[in-house]
Amino acid sequence: MKRFAGIFWSLLFLAVPVLGVAVFAVAPSIDVWLPKDVSEHGSQIDGLFYFILALTGVVFIATELLLFWFIWKYDESIAKGPATYIHGSHTLEVVWTIIPAVVLLFLAIYQMNTWADVKMRRPVMAPTVEVVARQFEWRLRYPGRDGQLGTPDDLFLVNDLHLPVDEDVLVQLKSMDVLHSFFLPNLRVKQDAVPGMKIPVWFKAKETGEYDLVCAELCGWGHYKMKGRVTFVTRPEFDAWLERMYLEQEATQPENGEAMP
Ligand SMILES: [Cu+2]
């Protein structure tokens, strides 16, 4: 009976790495994996993700298998005698402290170039659009015909972000109230919107199409519905869309000198 308990516990612990690996093996085929990547730097970011996943995966499997093996082999019911107690090993502790430290240092250096591309090497250009997050929507402000943000001819929209494909896009990100996070899963872009700050976010889409824009920071009761979309179109389509939206906006304005109804 005692041996049975030992077998049960060891197999239960063995199920952790087995099921863990199975979940990762099956996930892509049932479409619960990374969303389609359509951005210039997405493959670099995904590459880092896979690299770290492999590294931590190997360590995870190795430690779980060791755990299983020790529970199985050193089961009380088949022990030949009492266990010997030791007071630890100084050398071993130094070794298992230094190895993770070296691995972390390597990762910190290895990812530097990708980080610089997505967070430091900002393209020199005027913002394509200003995105202001608020509970619970994305307010968009495009420069109007004069190409300048913050002038009376700006175009105002909500949640429906359109951007040109195959060129650098610079978003000026702000928040009107609390912390939000500007998340474009297909672009591998995620940036907090911080009240009182103007934060530049840049990316370049390689494919046209309609993708999710969601908030990735729990920002209040309506966080779940803080959902917009981003549509990437060609430059001529983008210009035509801007013009159409602008005319729609202006059509609702009173003519010069005309009294407000
Ligand atoms: Cu939010």
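Residues numbered from 1 in each chain as written. Predicted model: local features only at pLDDT ≥ 70, side-chain atom pairs only at ≥ 80, totals over all residues. Heavy atoms only, no water.

Undergrad: Let's hear about the overall build of the chain: which residues, and what values?
TA: Scanning the chain from N- to C-terminus turns up five helices and ten strands. Its C-alpha atoms put the chain at 100 × 40 × 35 Å along the principal axes. Per-residue burial over the chain gives 31% buried out of 261 residues. Accessible surface computed for the chain: about 16800 Å², of which carbon and sulfur atoms make up 65%. Distance from the positive charge centre (23 side chains) to the negative charge centre (31 side chains) of the chain: 8 Å. (Helix = DSSP H or I, 4+ residues; strand = E, 2+ residues; numbered from the N terminus. Buried < 20%, exposed > 50% of the residue type's maximum accessible area, 1.4 Å probe, protein only. Areas by Shrake-Rupley, 256 points an atom, 1.4 Å probe, with all protein chains shown as cover. Lys, Arg positive; Asp, Glu negative; His and termini not counted. Charge placed at Lys NZ, Arg CZ, Asp CG, Glu CD.)

Undergrad: Got a sec to walk through the confidence of the model for the chain? Specific residues and values, please.
TA: Mean pLDDT for the chain: 91, with 96% of residues reaching 70 or above. The secondary-structure element of the chain with the lowest mean pLDDT is helix α1 (residues 2-26), recorded at 90, while strand β6 (residues 180-184) shows the highest, at 97. (pLDDT = per-residue confidence, 0-100.)

Undergrad: An account of the packing of aromatic side chains is requested, with residue identities and associated values reported.
TA: All told, the structure shown has 17 aromatic pairs when counted by the stated rule. Note on Tyr211 and Phe232: the rings are 6.2 Å apart at their centroids and 50 degrees apart in plane angle, and the pair reads as tilted. Note that Tyr211 is positioned in strand β9 (residues 209-215) and Phe232 in strand β10 (residues 227-233), a separation of 21 residues in sequence. Overall, the relative accessible area of 1% leaves Phe232 in the buried class. By way of ring pairs, the aromatic residues Phe24, Trp33, Phe49 and Tyr50 are connected into one cluster. One Lys or Arg, Arg3, reaches over the ring of Trp72 and ends 5.0 Å from the middle of that ring. The residue whose ring lies beneath Lys190 is Phe183, and the NZ or CZ to ring-centre distance is 4.4 Å. (Phe/Tyr/Trp six-rings, centres within 6.5 Å; stacked < 30°, edge-to-face > 60°. Lys NZ or Arg CZ within 6 Å of the ring centre and 35° of its normal.)

Undergrad: For the pattern of salt bridges, give the residues involved together with the corresponding values.
TA: Working definition: two side chains of opposite charge can pair if their charged atoms are close together. All chains considered together, the criterion is met by 14 salt bridges. For Asp46, the salt bridge goes to Arg188, with nearest N and O atoms at 2.7 Å. Taken together, the positions of Asp46 in helix α2 (residues 42-73) and Arg188 in the loop between β6 and β7 (189-193) put the pair 142 residues apart, joining distant regions of the chain. For the salt bridge of Glu130 with Lys174, the shortest nitrogen-to-oxygen distance reads 3.4 Å. Of this pair, Glu130 sits in strand β1 (residues 129-134) while Lys174 sits in strand β5 (residues 169-175), and the two are 44 residues apart along the sequence. Given the relative accessible area of 24%, Lys174 is considered partly exposed. (Salt bridge = Lys/Arg side-chain N within 4 Å of Asp/Glu carboxyl O.)

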